[in-house]
Amino acid sequence: MLSAVVCAALISIGVLVYLVFTPHRLTPIVNRVADSVLVVPHSLDRVELTFFRTFPHFGLEVENLLLENGMCGAQSDTVLYVPSLLVSVNVRELIRNRALEVNKVRLQGARANVFIDGCGKGNFEVVEIPPPDTSDCDSATGPVLLPFSIGVARLDVSGLAASFVSEADSIALRDVRINLSADADMSDTLFPISVRLRKCDVDWKDMRASLTADAAIGDSLAVNLRTLDILAGKLGLSVKGAMSMPMSGGGITADADVCIRGWNPDDIISLANSPIWSCMPSLERTVRAVPGMIPEKLYVSGTIDADIHACGLIDSLSLPSADARLRIRDIRGHYDYDIVPFNIENGAVDIEASSDLSRPGTSMLFINNLSANVRSLYNPNPEKPNSVQLKGVLS
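This structure is a prediction, so every number in the text was calculated from the model and none was measured. Throughout this description, residue numbers start from 1 for each chain and increase along the sequence as written. A pLDDT threshold of at least 70 governs which residues receive local features in this predicted model, and a stricter bar of 80 or more applies before side-chain atom pairs are shown or counted, although totals over entire chains, interfaces and linings include all residues. Computation of side-chain values: all heavy atoms of the structure, hydrogens and water removed.

Brief notes about the overall build of the chain
Here is step 1: For the chain, the count of helices and strands is six helices and 18 strands.
Here is step 2: We call a residue buried when its accessible area falls under 20% of the maximum for its residue type, exposed when it is over 50%, and partly exposed in between, using a 1.4 Å probe and counting protein chains only. In the chain, which comprises 395 residues, the share counted as buried stands at 29%.
Here is step 3: For the chain, long-range pairs separated by at least 24 residues make up 51% of all intrachain contacts whose partners lie at least 6 apart in sequence.
Here is step 4: Surface accessibility in these figures is a Shrake-Rupley result with a 1.4 Å probe; residues are shielded only by whichever protein chains are displayed. Carbon together with sulfur atoms contributes 61% to the accessible area of the chain, which is approximately 23,300 Å² in total. Per the convention used, a helix needs a DSSP run of H or I reaching at least four residues, while a strand needs a run of E reaching at least two, with both numbered from the N terminus. By the convention used here, residues are in contact when the closest approach between their heavy atoms is within 4.5 Å.

Focus: the pairing of strand E15 (residues 321–335)
Here is step 1: As paired strands, strand E14 (residues 298–314) and E15 are joined by 13 bridges and run antiparallel to one another. Bridge pairing links Thr-303 to Arg-329 in E15.
Here is step 2: One requirement defines pairing of two strands: DSSP has to find at least two bridges between them. In sequence, E14 turns back onto E15 through a hairpin of six residues.
Here is step 3: In terms of strand pairing, E15 meets strand E16 (residues 342–356) through twelve bridges, oriented antiparallel.

Side note on the environment of His-24
Here is step 1: The residue His-24 is located in helix H2 (residues 23–37) in this model.
Here is step 2: By relative accessible area, His-24 is classed as exposed at 71%.
Here is step 3: For the pair His-24 and Glu-48, spaced 24 residues apart in the sequence, the C-alpha separation amounts to 8.6 Å.

Quick word on the layout of surface pockets
Here is step 1: Here a cavity denotes a set of grid points, spaced 1 Å apart and computed over the protein atoms alone, in which a 1.4 Å probe fits but from which it cannot get out, and a pocket denotes an open set meeting protein on both sides within 12 Å along at least five of seven lines; residues with an atom within 4 Å of a point are reported as lining. Grid points are joined across faces, edges and corners, and a volume is the space filled by probe spheres set on the points. Estimates place the volume of the second largest pocket at around 400 Å³.
Here is step 2: Forming the walls of the second largest pocket are Pro-265, Asp-266, Ile-268, Ile-269, Val-290, Ile-294, Leu-298, Tyr-299, Val-300, Ile-304, Ile-328 and Ile-331.
Here is step 3: Breaking the lining of the second largest pocket down by element, the ones donating at least two residues are helix H4 (265–272), E14 and E15.

Observations concerning the pairing of strand E9 (residues 193–204)
Here is step 1: Sheet topology note: the E9/strand E10 (residues 207–217) ladder contains ten bridges and is antiparallel. Within E10, the position partnered with Trp-204 by the bridge is Met-207.
Here is step 2: A loop of two residues connects E9 with E10, the two strands running antiparallel in sequence, and Lys-205 in this loop sits at a positive phi of about 55°.

Here we look at the confidence of the model for the chain
Here is step 1: A score from 0 to 100, pLDDT tells how confident the predictor is in each residue. Averaged over the chain, the pLDDT score is 80; the fraction of residues at 70 or greater is 78%.
Here is step 2: Every residue in residues 1–6 is under pLDDT 50, and counting partners more than four places away or in other chains gives zero contacts.
Here is step 3: Taken together, the stretch residues 136–142 has pLDDT below 50 and engages in eight contacts with residues farther than four places along the chain or on a different chain.

Digging into the pattern of salt bridges
Here is step 1: For this document, the term salt bridge refers to a Lys or Arg side-chain nitrogen within 4 Å of an Asp or Glu carboxyl oxygen. Applying the stated criterion across every chain yields a total of 15 salt bridges.
Here is step 2: Here Arg-196 and Asp-214 are joined by a salt bridge, their closest N and O atoms 3.0 Å apart. Of this pair, Arg-196 sits in strand E9 while Asp-214 is found in strand E10, placing the two residues 18 residues apart along the sequence.
Here is step 3: Residue classification places Arg-196 among the partly exposed positions, given a relative accessible area of 39%.
Here is step 4: What you see here is one network of salt bridges that share partners, running through Lys-199, Asp-201, Asp-203 and Arg-208.

Quick notes on a nonpolar patch on the surface
Here is step 1: Together, Ile-29, Val-33, Val-37 and Val-127 line one region of the surface with nonpolar side chains, adding up to about 290 Å² of accessible area.
Here is step 2: Positionally, Val-127 belongs in the loop between strand E6 (111–116) and strand E7 (149–166).
Here is step 3: The exposure class of Val-127 is partly exposed, given its relative accessible area of 41%. For patch building, the residue pool is restricted to those with more than 30% relative accessible area and no salt bridge; the joining distance is 9 Å between like charges and 5 Å between nonpolar side chains (Val, Leu, Ile, Met, Phe, Trp, Tyr).

Concerning the nonpolar core
Here is step 1: What we call a nonpolar core is a set of buried Ala, Val, Leu, Ile, Met, Phe, Trp, Tyr and Cys residues that are connected through their side-chain atoms within 4.5 Å. Within the largest apolar cluster, 44 residues are counted, with the highest numbers of intra-cluster contacts made by Leu-85, Leu-107 and Leu-160.
Here is step 2: When sequence neighbours within four positions are dropped, the list of residues in contact with Leu-160 reads Ala-110, Arg-111, Ala-112, Val-176, Arg-177 and Ile-178.

A few points about the environment of Asn-273
Here is step 1: Secondary-structure assignment places Asn-273 in the loop between H4 and helix H5 (281–288).
Here is step 2: Separated by eleven residues in the primary sequence, Asn-273 and Glu-284 have C-alpha atoms spaced 9.3 Å apart.
Here is step 3: Setting aside residues up to four positions removed in sequence, Asn-273 forms contacts with Arg-288 and Pro-291.

Structural notes on H2
In an α-helix there are 3.6 residues to a turn, and that puts residues three or four apart on one side.
Here is step 1: Its 15 residues give H2 an end-to-end C-alpha distance of 21 Å, which sits within 8% of 21 Å, the value for a rise of 1.5 Å per residue.
Here is step 2: Turning to H2, its buried residues number three or more, namely Pro-23, Leu-26, Thr-27, Val-30 and Ala-34. One side of H2 carries all its buried residues, which in axial view fall inside an arc of 105°. When the buried face of H2 is taken as reference, the exposed residues oriented beyond 90 degrees from it are His-24, Arg-25 and Arg-32.
Here is step 3: Lining the buried residues of H2 we find strand E1 (42–43), strand E2 (46–50) and strand E3 (58–68). What a helix should span is 1.5 Å times the count of its residues minus one. What the arc describes is the spread of directions from the helix axis to the C-beta atoms.

A word on unusual backbone geometry
Here is step 1: For Lys-205, which is not glycine, the phi dihedral falls at a positive 55°.
Here is step 2: Looking at the element boundaries, Lys-205 is found in the loop between E9 and E10.
Here is step 3: The phi angle at Asp-330 is positive, at roughly 55°, despite the residue not being glycine.

Digging into the environment of Gly-59
Here is step 1: Mapped onto the elements of the fold, Gly-59 is located in strand E3.
Here is step 2: Under the relative-accessibility criterion, Gly-59 is labelled buried at 1%.

Quick notes on the side chain of Thr-50
Here is step 1: Assignment of secondary structure puts Thr-50 in strand E2.
Here is step 2: Apart from residues lying up to four places away in sequence, Thr-50 is in contact with His-57, Phe-58, Gly-59, Leu-60, Glu-61 and Leu-86.

Structure (structure tokens):
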């Protein structure tokens, strides 16, 4: 009985608040708040208070939110356009404790265009950050204070169309599709921010990536990659590991494992002709040239597995240490060499390599097995194939 009364009271309050804060009254209020926070041209059409769809929390539904920041060379003046944005908040915490406890943020059908110019300046610098609070600090720097603490229970993004252009790195990614679900939390000092990425699917051209990760943003960006599965054409790989990078700049410290299973040589050659390389013109020329390096009269099939572990610092002066194992099984093929054409049968490769890329002369190559049956087409006698096998260590 008591729960029914409480529920009825909440519904009554919700209806009353909804009747008072109509879109006609609420939209100008939200616009004034946006004017005080955003430093770029912006607009929104309509803000509506919701209750029944976000029960027992109040929500704000924003229609046609637009942020612009025109920069020379940018792919678009639009930084972000969101046709439908729904934010549900804990009103009691906001009024009593000035804590913006967001229960859910949902973006549908948004468009985002990220641009970084040749000097490293980005068009995403759209929010006015208050100066650091140095009242309790002896140094000239201190934590950046926000007027409230923020906690986001869930962020859902569906159908995001994104582009990323960096003149500094000569990268241009366009028509990227993103769907993600994440949790985030930040304090009233803006940093640190913790993010738990429950799921993120990214589609671009003939490439698809799915990942789950935990991240912390403070003095450094630290990411624990729980799963990352990438499929490019017919080739897939999985990555797990951790990385960190100081926010002030510097190298990346990484410890990651890469797993490759079931690749086929034909699919690797097809990948070299994939449109995905168009985003990096300097790398595209090199990759496109790979098929031309293979003799026209050589054809080889097989199944490729590989495991790679990389660990260490990556910057302009350092490269990580790496261990790798490559296995190729069921190797078959033929080479129509003009003088002595031959077939390759029952081939197998098992090679391990270890290298500290920052220290020349430390590489080791272990040939566990390198074998095949070779049969000349001039002597196709199945009883007398030539067997080749190699084992050893190179350093």
